[in-house]
Amino acid sequence: QVQLVESGGGLVQPGESLRLSCAASGSIGRVSNMAWYRQAPGKEREFVALIIRGGLTNYADSVKGRFTISRDNAWNTVYLQMDSLKPEDTAVYYCKVTTTYAQNYWGQGTQVTVSS
């Protein structure tokens, strides 16, 4: 069975950093792209960052310049480096992996809380 296991979330103060990771297990196949989404209390799930084969990346305006998405060479793991964190970044963060056959896999989510 294919599973995506997330880690790296936690409680931090404004201005601090966190690094999230999402590791795939099982025969996921060839990966087309990897992305991060988040969902805050009372809000809909929203796009955060995307990385595609060839190096193209894209970010939501709210995190651009502060967050960086990356992956390992085998496309088995995706990371999200989160710098200069703000209280508005508080949410459950989910990774998503899409294969070349258009199959989507989601992580279980990891809580990020930014508070003083």
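Preceding this section is the structure that the text describes.
Rules and cut-offs
Residues numbered from 1 in each chain as written. Predicted model: local features only at pLDDT ≥ 70, side-chain atom pairs only at ≥ 80, totals over all residues. Heavy atoms only, no water. Buried < 20%, exposed > 50% of the residue type's maximum accessible area, 1.4 Å probe, protein only. Helix = DSSP H or I, 4+ residues; strand = E, 2+ residues; numbered from the N terminus. Pairing = 2+ DSSP bridges. Core = buried A, V, L, I, M, F, W, Y, C linked by side-chain atoms within 4.5 Å. Contact = heavy atoms within 4.5 Å.

Enquirer: Is there a simple way to explain the pairing of strand S8 (residues 77–82) in this structure?
Expert: Each regular strand displays side chains that alternate between the two surfaces of the sheet. For S8, the buried fraction is high: five of the six residues fall into the buried class. Direction of pairing for strand S3 (residues 18–25) relative to S8: antiparallel, over a ladder of six bridges. Within the sheet, the bridge partner assigned to alanine 23 lies in S8 and is threonine 77. Sheet topology note: the strand S7 (residues 67–71)/S8 ladder contains five bridges and is antiparallel. Following the sheet pairing, serine 70 is matched in S8 by tyrosine 79. The hairpin formed by S7 and S8 contains five residues between the paired strands, and tryptophan 75 there has a positive phi angle of roughly 60°.

Enquirer: Please clarify how the nonpolar core should be interpreted in this entry.
Expert: Within soluble globular proteins, side chains that are nonpolar generally end up buried alongside one another. Judged by nonpolar contacts, the single largest core of 29 residues is most densely connected at Trp36, Val48, Phe67, Ile69, Leu80, Met82 and Tyr93. The set of elements that each furnish at least two residues to this core consists of S3, strand S4 (31–39), strand S5 (46–52), S7, S8, strand S9 (91–99) and strand S11 (110–114). Examining the composition of this core, we find that four residues originate from one element, S9, more than from any other. If we ignore the near neighbours within four places in the chain, the residues touching methionine 82 are Glu16, Ser17, Leu18, Leu20, Arg66, Phe67, Tyr93 and Val112.

Enquirer: I would appreciate a short explanation of the environment of glycine 65 in the present structure.
Expert: Inspection of the secondary structure puts glycine 65 in the loop between strand S6 (57–59) and S7. The class of glycine 65 is exposed, set by a relative accessible area of 78%. With 17 residues separating them along the chain, glycine 65 and methionine 82 place their C-alpha atoms 9.8 Å apart.

Enquirer: Can you help me understand unusual backbone geometry in this one?
Expert: Peptide bonds are, in most cases, trans, and in most cases residues other than glycine have a negative phi. Residues other than glycine seldom take positive phi values, yet serine 84 does so here, at roughly 50°. On the secondary structure map, serine 84 appears in the loop between S8 and S9. For alanine 102, which is not a glycine, the phi torsion comes out positive at approximately 65°. For alanine 102, the location among the structural elements is in the loop between S9 and strand S10 (104–106).

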